[in-house]
Amino acid sequence: TQLLEQSPQFLSIQEGENLTVYCNSSSVFSSLQWYRQEPGEGPVLLVTVVTGGEVKKLKRLTFQFGDARKDSSLHITAAQTGDTGLYLCAGDSNYQLIWGAGTKLIIKP
Amino acid sequence: DSGVTQTPKHLITATGQRVTLRCSPRSGDLSVYWYQQSLDQGLQFLIQYYNGEERAKGNILERFSAQQFPDLHSELNLSSLELGDSALYFCASSGISAGNTIYFGEGSWLTVV
C-alpha cells in the first residue's frame, strides 16, 4: 500500500512567521500536487511539481519536489491569516492520486 | 466556483437508510471522482468514472455504489447507512481542457443519526 505522510498534522503560528510542511513517501511519484482546503469548501489545487528537484514559487509559497520524486515540501514565508486552511499533498502514481492526511494550519493575528 | 456542482449540500438521515448524492461535473470534463472526508480518515478516494465507465476503485464499501450517466453527471448511492458513514462527500472532475487538473465541488455533508 502506498502511503504519503504529511507532517506536521497541525501547526498554529503567529502571523509573520515562516513555516514548512512536509510530504514524504517511500514510493516514487510521477508528479505531486499540493492543495489547500478551506472550511466548507473542496480542496483547490495550488501547484503541481513534476521534475525531481523542481522548485516552484507562488508568491510567498515555495514548493519543492525531492530529487528522487518521493517527497515534497511547502514553505510559507511571512505567513498571513489568509493562509489558514488544510494543506493536502497528493502523489500521482499510475494515474491515481495518493493523498496525504493533510496539515491543518492556523495563522494567528 | 470550481464549476462542479453537488447536491444536496447537507443531509441528515437515520441508520439503515439509503441516500443518493448527485454531482454535475465541469462542462466538458469526462472524469468524475468521488471522495469521502472524515475527521479521522482524511480524504479517501472512493471511485472514478470516465465517460460512463468505471476507471478506478478505491476504498469504496460494498454498501456504496456509483454510476456516471450519458450526460456525464454522476450519482453516489449509500445504503444501509451506519453512524460511521457520517462524513463530507466530495465529487471532483477533470478533463483534458484543463490539463487533467482535478476540480472539487463544495461537498455534501452527510450526517447519520
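Now for a description of the structure that goes with this document. (Residues numbered from 1 in each chain as written. Chains lettered and ligands numbered in written order. Predicted model: local features only at pLDDT ≥ 70, side-chain atom pairs only at ≥ 80, totals over all residues. Heavy atoms only, no water.)

What follows covers the environment of Asn59 of chain B. Residue and element names in this part refer to chain B. Within the element layout of this structure, Asn59 appears in the loop between strand S6 (53-57) and strand S7 (64-68). Look at Asn59 and you get exposed, because its relative accessible area is 53%. In this structure, the C-alpha to C-alpha distance between Asn59 and Asp1, residues 58 residues apart in sequence, is 28 Å. Those residues in contact with Asn59 that lie beyond four places of it in its chain are Gln44, Phe45 and Leu46. At a separation of 2.8 Å, a polar atom in the side chain of Asn59 contacts the side chain of Gln44. (Helix = DSSP H or I, 4+ residues; strand = E, 2+ residues; numbered from the N terminus. Buried < 20%, exposed > 50% of the residue type's maximum accessible area, 1.4 Å probe, protein only. Contact = heavy atoms within 4.5 Å. Polar contact = N/O pair within 3.5 Å; in protein donor to acceptor, adjacent residues only side chain to side chain.)

Okay, the sheet that holds strand S3 (residues 19-24) of chain B next. Within a sheet, each strand pairs with its neighbour through backbone hydrogen bonds, oriented either parallel or antiparallel. Residues and elements named next belong to chain B. Read across the open sheet, the four strands follow the order S1-S3-S8-S7; overall the sheet is antiparallel. Sheet topology places strand S1 (5-7) and S7 at the edges, where each strand pairs with a single neighbour. The mean inter-strand angle of the sheet, taken between neighbouring strand axes irrespective of direction, is 15°. Across three bridges, the pairing between S1 and S3 is antiparallel. The residue bridging Thr7 from the neighbouring strand is Arg22, located in S3. (Pairing = 2+ DSSP bridges. Axes fitted to C-alpha atoms, helices over the stretch in contact; angles between N-to-C directions.)

Applying the stated criterion across every chain yields a total of nine aromatic pairs over all chains. Centre to centre, the rings of Trp99 of chain A and Phe104 of chain B are 5.8 Å apart; their planes meet at 80°, and the pair counts as edge-to-face. Remark: Phe104 of chain B occurs in strand S10 (residues 103-104) and Trp99 of chain A occurs in strand S10 (residues 96-99); the pair is interchain, linking two chains. Assigned by exposure class, Trp99 of chain A and Phe104 of chain B land together as buried. Ring geometry for Phe64 of chain B against Tyr89 of chain B: centres 6.4 Å apart, planes inclined by 75°, an arrangement best described as edge-to-face. Here Tyr89 of chain B lies in strand S9 (residues 87-94) and Phe64 of chain B lies in strand S7, a separation of 25 residues in the sequence. Taking the relative accessible area as the measure of exposure, Phe64 of chain B reaches 6% and is therefore buried. The ring of Tyr103 of chain B carries the charged tip of Arg26 of chain B above its face, separated from the ring centre by 4.0 Å. Looking at Arg55 of chain B, its charged tip hangs above the ring of Tyr50 of chain B, at a distance of 4.5 Å from the centre. (Phe/Tyr/Trp six-rings, centres within 6.5 Å; stacked < 30°, edge-to-face > 60°. Lys NZ or Arg CZ within 6 Å of the ring centre and 35° of its normal.)

Just geometry here; none of it tells us what the structure is for.
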